[in-house]
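# Breakdown of the fold
Here's the letter readout for the chains.
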Amino acid sequence: MKFEEYRRYDALGLAELVRNGEVTSGELVEVALARAHRTHAALNAVVQWQDDDARSRSRTALSGPFAGVPFLLKDLAQAQAGVVETAGSRAYRDARAAETDTVVQRWLGSGLVVIGRTAVPEFGAKGVTESDLFGPTRNPWDTTRSPGGSSGGSAAAVAAGVVPAAGANDGGGSIRIPAAYSGLVGLKPGRGIVPCGPRFSEFFHGGAVTGVLTRSVRDSAAMLDVLRGSDPAAPYVTPTLPDTHLSALNTPGPRLRIGMQSTSALCDAPDPEVVDALRRTRTLLVDLGHVVEDVPPPVDEEALARDFLLPWFVNVASEVAAIGSARAADIELDTMVMAELGRRTTAVDHDAALARWHDHVRALSDFHRRFDLLLTPTTATPAPRIGEFATSGPERLGARAALALRLGSVLARVGAVEAGVMRNLSVVPFTQAANLTGRPALSVPLFRTASGLPVGSHFVAPPGGETQLLRLARELEEAMPWFDVTPPNVG
């Protein structure tokens, strides 16, 4: 099989070819590996290689809905026993996983063949994938631009056709942001739907979840069927569905009442082409029979940003503390700044921020009493240029001085910290609410800018709304097909 033919199929389509004996898993793996290596210099998407393991597994008897299909794991919170998991950090560059995470067990049980691991920013703490360990990952639509983060390596690989789907996770938009920047489908499941075991009960107080990046809605549905369901370490029991998400796509969904938010308190003015894509999404929805109404932001976005960032910094501080002082020099400066801010946060302030998450839950609950879904842009701009959000030289000098003197209170006042954080959030102001409130959310690549960059349309559903999101996404996919719209050839 040649790459041009391989690219024409989604993961379910490739699995069907293997099942029917039209191609072997080994042939698919060779195409995927060749594509991964060919695009590596241009994209830097794959950072851990498992060529021999993949070839060996492809020769075994595999079963499941994705039997024989090549797949990539994200190099963060998707551990495979015996394989290095760096989390994008020099501190973990030699750290081999002792056990396999539940989600990886389920992917392997579905018959997928892991060919490697994809790039992430250090600890997944940024919306772009530019770690000191591996360098920047680039967007196949325009290699001067980022595919986003933290699932940027997975997004670049899927968009470039290395694999039809790849592992991802999302603690503030890390599935949906790369999906928007890279022209992909990105579903963030709701809280408790996908397990975090056996190492953890939940990530980021339930705000972070595991999922995938795909090119087709049916792949996203089938992948959720593979992943969903509690494990013995889970703090929640996942409800049993009467049907699979994949089979639910065969039944048209009801006409929906959708509230559309086009502005954000965190962003003075979204890019005009992003606004245009949102308006075109609205027109498409209305043409399909849905009701769309303009709404103000349903949550207090500035308060939500603060309540997101404070626990985020504490989470980073915990990660750095686990590494220990002996390897502190291996940690990136920006990460150390976040960790220092987290260390200087009192337990009372941290607990109060987490308690306020419920205020945002109540606000979105009130919204969903009136509307089935919330529609926003996924991001406020198209994909940013590589290095656009890098900390400047003067900011780095000030941060280093404050860290050296352990002046956490000074760090909190360094203009670089507040300005830098808000600068990053201002381009992705729409995604964090779904994380803090545990709602499922999805980005679909309906439109592109005049220069061809993808723009995402973002929907947030109430708890249990994964099927509703997938049905609507399938309807939009049929009305405005995107699968065959691919980036320029790279590599």
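Thresholds applied
Residues numbered from 1 in each chain as written. Predicted model: local features only at pLDDT ≥ 70, side-chain atom pairs only at ≥ 80, totals over all residues. Heavy atoms only, no water. UniProt positions renumbered as here; feature names shortened; annotations may be inferred. Buried < 20%, exposed > 50% of the residue type's maximum accessible area, 1.4 Å probe, protein only. Helix = DSSP H or I, 4+ residues; strand = E, 2+ residues; numbered from the N terminus. Pairing = 2+ DSSP bridges. Core = buried A, V, L, I, M, F, W, Y, C linked by side-chain atoms within 4.5 Å. Salt bridge = Lys/Arg side-chain N within 4 Å of Asp/Glu carboxyl O. Contact = heavy atoms within 4.5 Å. Polar contact = N/O pair within 3.5 Å; in protein donor to acceptor, adjacent residues only side chain to side chain. Expected span 1.5 Å × (residues − 1). Axes fitted to C-alpha atoms, helices over the stretch in contact; angles between N-to-C directions. Parallel < 35°, antiparallel > 145°, perpendicular 65-115°, else oblique. Left-handed = near helix turned anticlockwise from the far one by under 90°.

Per an unreviewed UniProt entry, the protein chain is named amidase, and its organism is Rhodococcoides corynebacterioides. Its UniProt record gives the protein chain a comment under Catalytic activity (unreviewed entry), which states: "a monocarboxylic acid amide + H2O = a monocarboxylate + NH4(+)". Per UniProt, the comment on the protein chain under Sequence similarities (unreviewed entry) is "Belongs to the amidase family."

This paragraph deals with the pairing of strand β11 (residues 373–377). Counting buried residues in β11 gives 5 out of 5 residues, a clear majority hidden from the surface. Across 3 bridges, strand β9 (residues 257–260) lies against β11 in parallel orientation. Each bridged residue has a counterpart across the sheet, and for Met 260 the counterpart in β11 is Leu 375. As judged from the 4 bridges shared by β11 and strand β13 (residues 454–460), these two strands associate in the antiparallel manner. By the bridge assignment, Leu 374 is partnered in β13 with Val 460.

By size, the foremost hydrophobic cluster in this structure holds 85 residues, and its most contacted members are Trp 107, Ile 115 and Phe 459. Judged by nonpolar contacts, the second largest core, of 42 residues, contains Ala 87, Ala 125, Trp 312 and Leu 333.

What the rule picks out here adds up to 22 salt bridges. In this structure, the salt-bridge partner of Arg 117 is Asp 75, at a minimum N-O distance of 2.7 Å. You can see Arg 117 sitting in strand β3 (residues 113–118) and its partner Asp 75 sitting in the loop between β2 (70–74) and α5 (102–109), a full 42 residues away along the chain. When sorted by exposure, Arg 117 lands in the same class as Asp 75, which is buried. Of the charged contacts, one joins Arg 356 and Asp 307 as a salt bridge, the two residues approaching to 2.9 Å between their closest N and O atoms. With Arg 356 in helix α13 (residues 347–370) and Asp 307 in helix α11 (residues 301–323), this residue pair connects regions lying 49 residues apart in the sequence. A residue is classified by how much of its surface remains accessible, and Asp 307, at 3% relative accessible area, is buried. A single network of salt bridges, built from pairs that share partners, joins Asp 75, Glu 85, Asp 101, Arg 117 and Arg 199.

Mapped onto the secondary structure, Glu 332 falls in the loop between α11 and α12 (333–343). Taking the C-alpha atoms as reference, Glu 332 lies 34 Å from Pro 272; in sequence the two are 60 residues apart. Discounting residues that sit within four places of it in the chain, Glu 332 has contacts with Gly 88, Arg 90, Glu 122, Lys 126, Ser 131, Asp 132 and Leu 133. A distance of 2.8 Å separates the side chain of Glu 332 from the backbone nitrogen of Asp 132, its partner in a polar contact.

Owing to its 3.6 residues per turn, the α-helix aligns residues three or four sequence positions apart on the same side. In terms of burial, helix α8 (residues 217–227) is largely enclosed, as 9 of its 11 residues are buried. When α8 is considered as a whole, its buried residues turn out to be Val 217, Asp 219, Ser 220, Ala 221, Ala 222, Met 223, Leu 224, Val 226 and Leu 227.

Structurally, Gln 50 is set in the loop between β1 (46–49) and α4 (51–58). According to the relative accessible area criterion, Gln 50 is buried, its value standing at 6%. The contacts of Gln 50, once residues within four sequence positions are left out, are Gln 80, Val 83, Val 114, Ile 115, Gly 116 and Arg 117.

For α13, spanning 24 residues, the distance from its first C-alpha to its last is 36 Å, which sits close to the expected 34 Å at 1.5 Å a residue. What α13 keeps buried is the set His 350, Ala 353, Trp 357, His 360, Val 361, Leu 364, Phe 367 and His 368. Looking at the buried positions of α13, the neighbouring elements they touch are β9, α11, β11, α17 (432–437) and β13.

Now for the packing of α11 against α13. For any two helices packed against each other, the geometry comes down to the angle between their axes and how far apart the axes lie. The N-to-C vectors of α11 and α13 enclose an angle of 140°; their axes lie 9 Å apart at closest approach. Relative to α13, α11 is oriented oblique. Note that α11 runs across α13; the crossing there is left-handed. Taken together, the residues of α13 that come into contact with α11 (itself represented by Ala 303, Leu 304, Asp 307, Leu 310, Pro 311 and Val 314) are Asp 349, His 350, Ala 353, Leu 354, Arg 356, Trp 357 and His 360.

Right, let's get into unusual backbone geometry. In this chain, Gly 149 is followed by Ser 150 through a cis amide linkage whose omega measures 5°. The linkage connecting Gly 197 with the following residue, Pro 198, adopts the cis geometry, with an omega of -5°. Looking at the secondary structure, you find Pro 198 in the loop between β7 (185–188) and β8 (209–214). Look at Asn 44: it is not a glycine, yet its phi comes out positive at around 55°. For Asn 44, the location among the structural elements is in the loop between α3 (25–43) and β1.

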